[in-house]
Each structure stands twice: as structure tokens, then as C-alpha cells.
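So you can see what is in the structure, the chains are spelled out below.
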Amino acid sequence: MTTSSENIKVIIRVRPRIENEYNQNCNCLKIEGDSIVATSRTDTKQFTFDYIATEESSQSEIFIQGAKEICDSVLQGYNGTIFVYGQTGAGKTYTLLGPKYSLSNKNNNISNNDDISEHSNSMYEELNKGILPRTIEYLFIRSKSMDNSTVKLSCSFIEIYMEQISDLLNPANNGNKSLNIQCVGDKVTV
């Protein structure tokens, strides 16, 4: 008997339209439940996914739908992978890391508005942090609460771009070395 934690889950996040897309008189993509209906002049196709996050979906919701179950499986001893894929400018970095590291942050009024206090800005970043920081926090908080257990976590954070693999945690690695992340007390070391 398999459970959903043993399966691959495909989640789609629909990014907000960019300015020139509003000028087009094309509503060729429609979300219907867990499906996206794509309509062209000659054809209509329907694609069904495990979950569709709309532009109104929060970063927290994306974590809960996409990564939390993987984290729980990892803490039970299974390997887990979060794979983020998409076209340049689709919002992968924002979804994975949050607004602080996203290129869209440069155009984000709340982060660059001098009238907004540093406290408000940090609250905005905390609320909108991506899957990766949420995953790391969740894993360490849950592992600390596990009675009579020793938890050893290892993590890789890689980028595949134009058929080149880069280790984003340690660019000096050649891709063949394993990465070790350890938590001793409240201190995380890489």
C-alpha cells in the first residue's frame, strides 16, 4: 500500500501577469479546480495537477501543499527532493527563497519604499519567505522535538542551468562531494 508521501507530487504556481500581458485580449489559460485549460485558436487542452497555486496563494500555502509532506517523510528516514522548474522570469527564485533574493524585489514597492520602516520590511520578508527557509526551519524544529532520536540531515542545493550543475551552497564543490549541514544546539554549521 502506498501513501501520498511516497509519490511524486506536481504543483503549479501561476505567477501574476506582467504589464504587457494585460494589454493582450487573450484569456487562453483558465484554472478549473486542479486543472489548467489552455485554449488556442485551433485547440483546447486540459492539464491536471496535484495542486494549483494562484497568484493569490501565499508562500506559506505553497510550503504546506508542496514541501511539508516531504519534510515529514525525510524525518521518517526517506530521501526527499523539492524540484523547482520553470522559464526565466517565472518566479522560481521568489517561490524558493522569497522576496529578499528575488530579482522581482528590485521592482517591489514595499521593499524599496523609504517610508516603510525596517521592521515592516522584515515582517514582509518573514511573511513571504520561500520554500527553502521554511523547509530548513521546519526540519530543525521538528527534529528537536523528536524524543529518543538522533537526526542527521544532509542537504544539497543545486542549480541546473544550460546543462551545467552548480552547487549553490558551496560553489567551490565540483558537484561530486556530499554536503553536510549540522545542527548543534541552536547553531547551524555547513
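Before reading on, note that the structure itself is shown above.
Residues numbered from 1 in each chain as written. Predicted model: local features only at pLDDT ≥ 70, side-chain atom pairs only at ≥ 80, totals over all residues. Heavy atoms only, no water.

Asks: Could you give me a rundown of the pattern of salt bridges, with the residues and numbers involved?
Replies: According to the stated counting rule, one finds 6 salt bridges in the structure shown. With a closest N to O distance of 3.5 Å, K45 and D43 form a salt bridge. Each member of the salt-bridge network shares a partner with another, and the members are K68, D72 and R142. (Salt bridge = Lys/Arg side-chain N within 4 Å of Asp/Glu carboxyl O.)

Asks: Lay out the pairing of strand β6 (residues 158–161) in plain terms, naming residues and giving numbers.
Replies: Alignment of β6 against strand β7 (residues 164–167), held across 4 bridges, turns out to be antiparallel. Residue pairing in the sheet places I158 in a bridge with D167 of β7. Counted along the chain from β6 to the antiparallel partner β7, the turn is 2 residues long, and its residue M162 has a positive phi close to 50°. (Pairing = 2+ DSSP bridges. Helix = DSSP H or I, 4+ residues; strand = E, 2+ residues; numbered from the N terminus.)

Asks: Give a detailed account of the sheet that holds strand β3 (residues 35–39), specifying residues and quantitative values.
Replies: As summarised here, the arrangement of the 3 strands in space is β2-β3-β4, forming an open sheet in which the pairing is antiparallel. Edge positions in the sheet fall to β2 (29–32) and β4 (44–48), since each has one partner strand and no second. The sheet shows a mean angle of 20° between the axes of neighbouring strands, direction not considered. (Axes fitted to C-alpha atoms, helices over the stretch in contact; angles between N-to-C directions.)

Asks: Quick rundown of a nonpolar patch on the surface? Include the residues and the values.
Replies: Together, I158, I160 and I165 make up an exposed nonpolar region whose accessible area comes to about 320 Å². Positionally, I165 belongs in strand β7. (Patch = residues over 30% accessible without salt bridge, like charges linked within 9 Å, V, L, I, M, F, W, Y side chains within 5 Å. Areas by Shrake-Rupley, 256 points an atom, 1.4 Å probe, with all protein chains shown as cover.)

Asks: Describe the side chain of R134, and please don't skip the residues or the numbers.
Replies: Inspection of the secondary structure assignment puts R134 in helix α7 (residues 131–144). Buried R134, no salt bridge; nearest opposite-charge side chain is E126, N-O distance 6.4 Å. (Buried < 20%, exposed > 50% of the residue type's maximum accessible area, 1.4 Å probe, protein only. Lys, Arg positive; Asp, Glu negative; His and termini not counted.)

Asks: Summarise the packing of helix α2 (residues 59–66) against α7; cite the residues concerned and give the values.
Replies: With their axes 10 Å apart at the nearest point, α2 and α7 run at an angle of 60° to one another. As summarised for this structure, α2 and α7 are arranged oblique, according to the angle between their axes. In terms of crossing hand, the pair formed by α2 and α7 is right-handed. Each of Q59, S60, I62 and F63 in α2 lies in contact with α7, whose residues at this interface are I131, R134, T135 and Y138. Counted by class, the contact of α2 with α7 contains 4 nonpolar, 3 polar and 1 charged residues. (Parallel < 35°, antiparallel > 145°, perpendicular 65-115°, else oblique. Left-handed = near helix turned anticlockwise from the far one by under 90°. Contact = heavy atoms within 4.5 Å. Nonpolar A, V, L, I, M, F, W, Y, C, P; charged D, E, K, R; others polar.)

Asks: Kindly report on the side chain of N128, identifying the contributing residues and their values.
Replies: Tracing the backbone through its elements, the reader meets N128 in the loop between α6 (118–127) and α7. For N128, a relative accessible area of 13% corresponds to the buried category. A polar contact of 3.3 Å, which involves the side chain of N128, links it to the side chain of Y94. A polar atom in the side chain of N128 sits 3.0 Å from the backbone oxygen of Y124. Leaving out residues up to four positions away in the same chain, N128 has contacts with Q59, Y94, G98, P99 and R134. (Polar contact = N/O pair within 3.5 Å; in protein donor to acceptor, adjacent residues only side chain to side chain.)

Asks: Can you break down the packing of aromatic side chains residue by residue, with the values?
Replies: Under the definition given, this model contains 2 aromatic pairs. Both rings, one in F63 and one in Y138, keep their centres 5.7 Å apart while their planes meet at 65°; by these two values the pair is edge-to-face. Note that F63 is positioned in helix α2 and Y138 in helix α7, a separation of 75 residues in sequence. Residue class for Y138 comes out buried when judged on its relative accessible area of 15%. Here F83 and Y85 contribute two aromatic rings whose centre-to-centre distance is 6.4 Å and whose plane-to-plane angle is 10°, an arrangement assigned as stacked. Note on Y85: relative accessible area 73%, which makes it exposed. (Phe/Tyr/Trp six-rings, centres within 6.5 Å; stacked < 30°, edge-to-face > 60°.)

Function cannot be read off these values alone, since they describe shape.
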